[in-house]
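Working through the structure, step by step
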Amino acid sequence: MTDKDRSHLKTIEARLLWLSCWMIHHANHIREKEENGVKIGGHQASSASMVSIMTALYFSVLRPEDRVAVKPHASPVFHAMQYLMGNQSLDKLVNFRGFGGAQSYPSRTKDSDDVDFSTGSVGLGVAITSFASLVQDYVHAHGWAKGRPEGRMVALVGDAELDEGNIYECLQEGWKNDLRNTWWIIDYNRQSLDGVVREGLWQRIEGIFTAFGWRVVRLKYGALQCAAFAEPGGARLRDWIDACPNDLYAALTFKGGAAWRQRLMDDIGDQGAVTALLDRRSDAELAALMNNLGGHCVQTLADSFAGVTDDRPTVFLAYTIKGWGTPLAGHKDNHGGLMTRAQMETFQATMGVPAGQEWEPLATVADPAGLTRFLQRVPFFAKGTRRHTAPVLNGDGPVWLDEAVQSTQGAFGKILDRMAKSDSALADRIVTMSPDVTVSTGLSPWVNRRGLFARDPRSDTFKAENIPSSQKWTFSPGGQHLELGIAEMNLFLGLGAAGLSHSLFGERLLPVGTVYDPFVARGLDALNYACYQDARFLIAGTPSGVTLAPEGGAHQSVGTPLIGMSQDGLSAFEPAFADELSVIMDWSFAHMQRHGAAEPDPRTCLPDAAGGAVYLRLSTRPVDQPAPRRDAGFARGVIDGAYWLRAPGPNAEVVIVYQGAVAPAAIEAAGRIANDRRDIGVLAVTSADRLHAGWAAARRARLRGDPAATSQIERLLADLPQHCLLITVIDGHPATLSWVGSVHGHRAVPLGVDHFGQTGRIAELHRHFGIDAEAIVTAAERMSPGRPLLRLAM
C-alpha cells in the first residue's frame, strides 16, 4: 500500500466518522421534536469504535466475493460508507431510523444498500458467517460454482456478543466441519451496554479460538504507539499500557491528554527517558498516542488484514475505544449516549465541516478528484451491488403414496426417499440437515441414498467391518445431508445460510431441516433471524404434540402451532394425511423459489407470489388414510388452509374444525353426533396460519376500500346458519383455532392442550387433555340444543 493510499484511507475514515455521527444526531434532532423531547437512542459511541476497522476492511482488503455481517451498532458507519460509494440515497440517510429510511440495524429486506446479512439479535450475525462458509464449500464441492472465486465470510463482532451461547455452539460445529474462509473481527472496546467488561477477557477469547483451530491475530497497538515503543522509555510505556485496567484506560481516555500526562508521570515518570518521551508531546498529541490502539490505526489494520492470505479461520482481536474520536470516548455511560448540541457544534468544528455541508460526501476532502479515483478502484465496490439470482427448478408434481395406514412423519420420509431415487434437478439441489435427530425424524432413507456431505470423503467404518446396519452413512463431497450436533440454533442458522445461497453465491439450494417439534422453541431466535433475512427453507417439526405419548412432557410440544402462526416469512402447515403432505411439499419447493411482488392473491388474500419459508408440524401417529384424492380442488383447499372433509348441510347444527393428528377423533365424533344433530360438517384444517393470515388480510383490504376481498375461511363458513356450533380441536394450544368462531360470529368451543404433557398412551393422554372423540361429543351435547348424544362407556 502506497503512502498516498494510506492518506486516502485516513480521509475516508474521517468522512465516515463524521457522517455516521451526524446521521445519529440529525435523527435524534428531528425525532426529539416529533416525540415531545423523547430521544430515540444514540449509539454514536458504539458506531465510532468501528470506523477505522470498516475503513481498512472495505477499502483495502475485501473483494466482491466476500460477504460481511456488520455488527448492529455499526449500522450508521455502513450506511455512511454506502452513501460515500453512491449505493445509498441522501433521502434514506437523512431519514435514518425513520419510517422508510435507512434501518437502525442493517437489513437485507428493508435497506436498499448492499447488505449481505441482516443483523439485530446479537451473536446471530456472527455465527451465520460460519454457516455461510460451509454452504459455500457445499456449492463449490458439488461443482456448481465454476469460475467463481471463493469468498471470505466476515463478521464484525462486538466483544459483548461473545457472551451469547450460540457463538460457542457455532465454533464447535465449525471445528467439526473443517471451517475455512471465515474472519471474525472483534471490536474489543471492553465496554458492554451497562459497563466495562471483566479484566483478562482477551486471554479467554484467545484460548477458546485457539482450541477450535482458529488463528488469533491480536491488534493491540497502532503505528503511533509502536513508534513510541521504539523510543527510549517506550518499553516502560508499553508495559504500563499492558497492565492498565480496562476501566482506568477508559476513564483517562474520557478525561483527555492532561489526565493521561498526570497519571503516566505519577506511575512511570522517571525524570529520564519516559519523562522525555512524554514531554516531546503536547497534551493533544499524547491523547492521540494513547488512543492509537490497533483497532483505530488504519495502517495497522490494513497491513494485518492483507497479511492473512490462506483459508484458515481467523479472529482479529482489535483493541478499540468506544466513542473513539468523539467527546463521548471512554465514558462508561456512552453506549446509548448522544452528543449534546454544544458538543456536536464543537465536534463539527474539530472535523472541519462547514455549516450547510453536513451531508456532502466529500466535504473537507483536500483532493476530491484524487479520492474519487481511489474510490473507483476499490475492489469490493468495483462490480456494484453483489446479489445474485438463480434459475427456478421445476418439480414433477406431488409424490403420491398408496398406503392404507401412515403417519405424516413416515410419509415425509417416504416422499423424500422417492425424490432421492429420482434424477430430477430439483432433488439434486435439496440439502437436508438435522441436529443429531436424522434417524428419529424420518430422514434416514434420504441420507442412505444421497449420502452425507464432507469436503474430504470418509467411509462408513461399520460397513467396512461388515457390521449390519440400516444406516448406510458415507461422507463425500457429493453428499446432500449435513449432520449437525444437537444444537437447534445451529440448525436454523444453517438453514438460513443455505436458504440464501441463491443470493449469496448464485446457486439455488433447497434446504430441508428436521427437529423435534418442541425444540423449535429452542432455536426460535435463529428461526426468526433466518425468516427476517428472507431465507428460503423447509423445516419439519416432528414428532409433535402429546400424541408423542410415551416421551412425556419435555418432548411434547404445545405452543408451536402459535409460533407457526405468528412467525412472519414462514407458512406453517399441519397435515393429517399423506396426500395432504404430498401436495404441501410439492407447493413448498415451488414457494421457496418465488421472489415476486408481495401483492395479495385475489383468492386467498395472501402474498404467495413473494415466496418464503415453510414449517411442517408432523406426527408419528399412524392413521387410516382416505381414498385417493388427487384433483385440483382438493390440492387448492389443502394449500389455502382448509377444505371440507365432510361438507355440512344447509341446517348444520355442529361443525367440527380440526387440525393435524386428531383427525381420527374428529371423524369418529362426527359419526356419533350425526344421528342426533342435523347436517354435521367436518372442516379439515391444514394451515391455521394461512387461514388466519388470509382472514386478517381480507379485513384490512376491506377497510382500505376493497369490499370484494374475501378469504378462504370466510368462504368456507359463509353458508353456515348462525345457530351452528363450531367445535375446534388440535393437539396443541387451543388458541390456534379458537378464533374461527369470530369469522362470522358463530359460537365456538375450542379444545386443545394448554398444560405440559406427561407419559402415557395416546388414548389416555387425548382423553386426559380433552381432545378425543368423547370430548368432542361431550362439547356438542352440552353446547348445542337437542337430545342426548351417543356416549361410550369409559
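Attention in this report is confined to the structure presented alongside it. (Residues numbered from 1 in each chain as written. Predicted model: local features only at pLDDT ≥ 70, side-chain atom pairs only at ≥ 80, totals over all residues. Heavy atoms only, no water.)

Thoughts on the overall build of the chain
A tally of regular secondary structure across the chain gives 33 helices and 20 strands. In terms of overall size, the chain behaves like a compact globule, its C-alpha atoms giving a radius of gyration of 31 Å where 794 residues would be expected to give roughly 28 Å. Each of the three principal axes of the chain carries a C-alpha extent, and together these read 105 × 70 × 45 Å. Taking all 794 residues of the chain together, 59% fall into the buried category. Partitioning the contacts of the chain with sequence separation of at least 6, the portion at a separation of at least 24 is 76%. Accessible surface computed for the chain: about 30,600 Å², of which carbon and sulfur atoms make up 52%. (Helix = DSSP H or I, 4+ residues; strand = E, 2+ residues; numbered from the N terminus. Rg over C-alpha atoms; globule rule 2.2 N^0.38 Å. Buried < 20%, exposed > 50% of the residue type's maximum accessible area, 1.4 Å probe, protein only. Contact = heavy atoms within 4.5 Å. Areas by Shrake-Rupley, 256 points an atom, 1.4 Å probe, with all protein chains shown as cover.)

Brief notes about the side chain of R429
The topology assignment puts R429 in the loop between α19 (425-428) and β7 (430-435). A distance of 3.1 Å separates a polar side-chain atom of R429 from the backbone oxygen of R508. Excluding residues within four positions of it along the chain, R429 makes contact with W144, L393, Q480, E507, R508, L509 and L510. (Polar contact = N/O pair within 3.5 Å; in protein donor to acceptor, adjacent residues only side chain to side chain.)

Comments concerning the nonpolar core
With 151 residues, the main nonpolar core has Y58, F59 and W184 as its most contacted residues. Per element, the largest residue contribution to this core is eleven residues, and it comes from helix α1 (residues 3-34). Counting residues in each nonpolar core, the second largest holds 74 residues, with L443, W473, L616 and V749 among its members. (Core = buried A, V, L, I, M, F, W, Y, C linked by side-chain atoms within 4.5 Å.)

Thoughts on the sheet that holds strand β10 (residues 481-484)
Taken in spatial order, the six strands make up an open sheet running β10-β7-β11-β12-β14-β13, and their pairing is parallel. With one partner strand each, in any of the chains shown, β10 and β13 (570-573) form the two edges of the open sheet. With direction set aside, neighbouring strand axes in the sheet form an average angle of 15 degrees. Relative to β10, β7 runs parallel, the two sharing four bridges. Along β10, the bridge assignment pairs S434 with E483. (Pairing = 2+ DSSP bridges. Axes fitted to C-alpha atoms, helices over the stretch in contact; angles between N-to-C directions.)

Some words on the state of the cysteines
Per the counting criterion, the structure on display carries zero disulfides. Counting only cysteine sulfurs, C297 is the nearest neighbor of C226, a cysteine outside any disulfide, at a range of 7.8 Å. (Disulfide = S-S within 2.5 Å.)

Structural notes on helix α17 (residues 368-377)
Among all positions in α17, only G370, L371, F374 and L375 are buried. Each buried residue of α17 sits inside an arc of 135 degrees when the element is viewed along its axis, so together they form one side. Those residues of α17 that are exposed and aimed more than 90 degrees away from the buried face are Q376 and R377. (Arc of directions from axis to C-beta.)

A short note on the pattern of salt bridges
This structure, assessed with the given rule, holds 39 salt bridges. Between R180 and D311 there is a salt bridge; the shortest N-O distance is 2.9 Å. Taken together, the residues span a long stretch of sequence, with R180 in the loop between α7 (165-176) and β3 (182-188) and D311 in the loop between α15 (298-306) and β5 (314-319) at a distance of 131 residues. On the accessibility criterion, R180 (13% relative accessible area) is buried. Counted as one network, the salt bridges with shared partners bring together D137, E150, D178, R180, D311 and R455. (Salt bridge = Lys/Arg side-chain N within 4 Å of Asp/Glu carboxyl O.)

Some words on unusual backbone geometry
Here the residue pair T542 and P543 is connected by a cis peptide bond, since its omega of -5 degrees sits within 30 degrees of zero. Residue position: P543 is located in the loop between β12 (538-541) and α25 (560-566). Despite not being glycine, D534 has its phi angle at roughly 65 degrees, a positive value. One can find D534 in the loop between α24 (524-532) and β12. With relative accessibility at 30%, the residue D534 sits in the partly exposed group. Positive phi outside glycine occurs at C605, with the angle close to 65 degrees. Inspection of the secondary structure puts C605 in the loop between α26 (578-591) and β14 (613-617).

Focus on the pairing of strand β18 (residues 681-685)
Regular strands have side chains that alternate between both faces of the sheet. The buried count for β18 comes to five of five residues, which makes it a mostly enclosed element. Of the two faces of β18, the one lined by G681, L683 and V685 and the one lined by V682 and A684 are each fully buried. Sheet topology note: the strand β16 (residues 642-646)/β18 ladder contains four bridges and is antiparallel. Looking at the pairing, A642 lines up with V685 of β18. Two strands pair when backbone bridges link them, and strand β17 (residues 654-659) and β18 are joined in this way by five bridges, in the parallel orientation. Paired with V655 across the two strands is G681, which belongs to β18. With helix α28 (residues 663-673) bridging β17 and the parallel β18, this β-α-β connection has right-handed handedness. (Right-handed = clockwise from strand over helix to strand, strands pointing away.)

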